[in-house]
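# Survey of secondary and tertiary structure
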Amino acid sequence: MVGDRFIFFDYTQVMRNKVLTIFVLIGLFCHGLLKAQDHFLNLSLLSPLSIVQDTTSMVNVNLSLLHGKIGSLRGISFGLGIQTFTQEMKGISFTGLLSYNKGDFKGAQFSLGPNINSGNGKGLLWSIVGNLSFGQVTGVQLSSVLNSQIADMTGLQSTAGINLVGGDFKGVELATMNVVSGNVKGCQLSGAVNVALDTLNGLQLSAMNFTGHLSGVQIGFLNYGVYSTGVQIGFLNVLDSEDGLQIGLVNVKNRTRIQWIVGGGNLMTGISGARFLTDNHYSILYVGSPIKGLDDDFSGGIGYRYGWRKDLKVVDLSADLGLAHITSYNKLTEDYDNTYSMQLRANIEKKIMRRLSIFVTGGYYWIADSYKSKNFSSDAMFEVGLFLF
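Nothing here was measured: the structure is a model prediction, and the numbers come from that model. (Residues numbered from 1 in each chain as written. Predicted model: local features only at pLDDT ≥ 70, side-chain atom pairs only at ≥ 80, totals over all residues. Heavy atoms only, no water.)

Taken as a whole, the largest pocket holds about 250 Å³ of empty space. Along the walls of the largest pocket sit 17 residues, with Gly293, Leu294, Thr339, Ile367 and Ala368 positioned nearest its centre. Elements supplying a minimum of two residues to the lining of the largest pocket: strand 24 (316-330), strand 25 (335-353), strand 26 (356-368) and strand 27 (376-388). Within the lining of the largest pocket, the residues separate by chemical class into five nonpolar, seven polar and five charged. Taken together, Arg257, Leu277, Arg309, Asp311, Lys313, Val314, Val315, Asp316, Glu349, Lys350, Lys351 and Ser357 make up the lining of the second largest pocket. When contributions to the lining of the second largest pocket are tallied by element, the ones reaching two or more residues are strand 23 (298-311) and strand 25. The dominant element in the lining of the second largest pocket, judged by the number of residues it contributes, is strand 25, at three residues. In terms of residue class, the lining of the second largest pocket is made up of three nonpolar, one polar and eight charged. (1 Å grid on protein atoms, 1.4 Å probe; cavity = no way out; pocket = protein on both sides within 12 Å on 5 of 7 lines; lining within 4 Å. Points joined across faces, edges and corners; volume = space filled by probe spheres on them. Helix = DSSP H or I, 4+ residues; strand = E, 2+ residues; numbered from the N terminus. Nonpolar A, V, L, I, M, F, W, Y, C, P; charged D, E, K, R; others polar.)

As a further point, take the sheet that holds strand 22 (residues 281-291). Spatial ordering of the closed barrel is given by 20-21-22-23-24-25-26-27, a layout of eight strands whose pairing is antiparallel. Put simply, the sheet's adjacent strands are angled 25° from each other on average, direction ignored. Sheet topology places strand 20 (residues 257-265) next to strand 21 (residues 268-278); seven bridges connect them, and they run antiparallel. Bridging across to strand 21, Trp260 finds its partner in Ala274. (Pairing = 2+ DSSP bridges. Axes fitted to C-alpha atoms, helices over the stretch in contact; angles between N-to-C directions.)

So, about the side chain of Thr256. Among the secondary structure elements, Thr256 is positioned in the loop between strand 19 (245-252) and strand 20. Judged by relative accessible area, which is 14%, Thr256 ranks as buried. One polar contact links the side chain of Thr256 to the main-chain amide nitrogen of Lys253, over a distance of 2.6 Å. A distance of 2.6 Å separates polar atoms of two side chains, one belonging to Thr256 and the other to Thr278. Those residues in contact with Thr256 that sit more than four places away from it in its chain are Asn251, Phe276, Leu277 and Thr278. (Buried < 20%, exposed > 50% of the residue type's maximum accessible area, 1.4 Å probe, protein only. Polar contact = N/O pair within 3.5 Å; in protein donor to acceptor, adjacent residues only side chain to side chain. Contact = heavy atoms within 4.5 Å.)

What the rule picks out here adds up to nine salt bridges. As a salt-bridge pair, Arg255 and Asp279 come within 2.8 Å of each other at their nearest N and O atoms. Separated by 24 residues along the polypeptide, Arg255 in the loop between strand 19 and strand 20 and Asp279 in the loop between strand 21 and strand 22 bring together distant segments of the chain. Taking the relative accessible area as the measure of exposure, Arg255 reaches 36% and is therefore partly exposed. Under the relative-accessibility criterion, Asp279 is labelled partly exposed at 46%. When the shortest N-O distance is used, the salt bridge between Glu383 and Arg345 registers 3.2 Å. One end of the pair, Glu383, is in strand 27; the other, Arg345, is in strand 25, with 38 residues separating them in the sequence. Both residues of the pair, Glu383 and Arg345, belong to the buried class. (Salt bridge = Lys/Arg side-chain N within 4 Å of Asp/Glu carboxyl O.)

Another aspect to go through is the packing of aromatic side chains. Per the stated rule, a full pass over the model turns up eleven aromatic pairs. Consider the rings of Tyr340 and Phe376, whose centres lie 5.9 Å apart with planes at 80°: the pair is edge-to-face. Taken together, the residues Tyr340 in strand 25 and Phe376 in strand 27 connect sequence positions 36 residues apart. What links up through ring pairs into an aromatic cluster is the set Phe78, Phe94, Phe110 and Trp126. The ring of Tyr282 is capped by Arg275, whose NZ or CZ atom sits 5.7 Å from the centre of that ring. Positioned above the aromatic ring of Phe387 is the side chain of Arg275, whose terminal nitrogen or guanidinium carbon lies 3.6 Å from the ring centre. (Phe/Tyr/Trp six-rings, centres within 6.5 Å; stacked < 30°, edge-to-face > 60°. Lys NZ or Arg CZ within 6 Å of the ring centre and 35° of its normal.)

Below, the structure written as structure tokens:
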């Protein structure tokens, strides 16, 4: 009996110890939950004057006047002044002066002042002033002045000012100036300048476009690329390499020779300009004055020619089509008259020194009475001059 009572007593003690251990563990767990307690509502005047004092807590509804500071948001937040999220933001926030999120975000941030995010994000950033994100972002950035993305971004950047991306970008950029330090896969559309320092795989449309490796299309007044397997369309296209298709008034590649042209003829008494010669084709930009047949006090023109050239060893033969804008001014009437001229030329060029050639041109020209008139005067033309450099 004594032995039976001892065994029964020992078994009971073991069970009591197990139950006590379980209650202790539950207590510790509940204590941890209370330390990082979730709160449905937080009201804040000026942090730390708020209902939720613990800046590591999670809040569902956050309302602040001057400055609100909470740990995480999983819901909605309104703040007239500054809002700070020390851990993460998941939901929607509306801010007056500044929204600062130290962690990741997922949702939408609307602010009259800047939106600043240190972590990665997915969603919408809207600000009148600007958006600044240090982590990777997938979503939309909208502002009036500046969108600055330090890491990679996928989505849409749109602003009236400048879009900046420190990493790679996939999507669409709309701005006065777009600058991406990495690769671009998508579209850069701007009013002034597009820059993709690494590879452009898509479209750049702007007044000026710049990229390291063009593997898409550039459309603008000035297009520049270091290497190209794509297309440039514009007034002036420049490549540091030999490959790539260029469609424009002036096309310059690594092997392009730029020469100064001086001369004159019976259409324009004096001519000066530049010839851009690449292999067997060339373009010429020039100015000339005075114009034959115009008896005004001043007459002059600016023109463009595009042609083909054949090296015959002894001489070079070439032919080109030209178009010129012509302006004349009469001091007596103080009137300006504008018209245009079309020309067809055949040229013979002879090199007399390494960087000096002489040319003789024959052809035909037409001059309209005005831009609106269908009447033309025409005549045979001749020119002589020099190509230097």
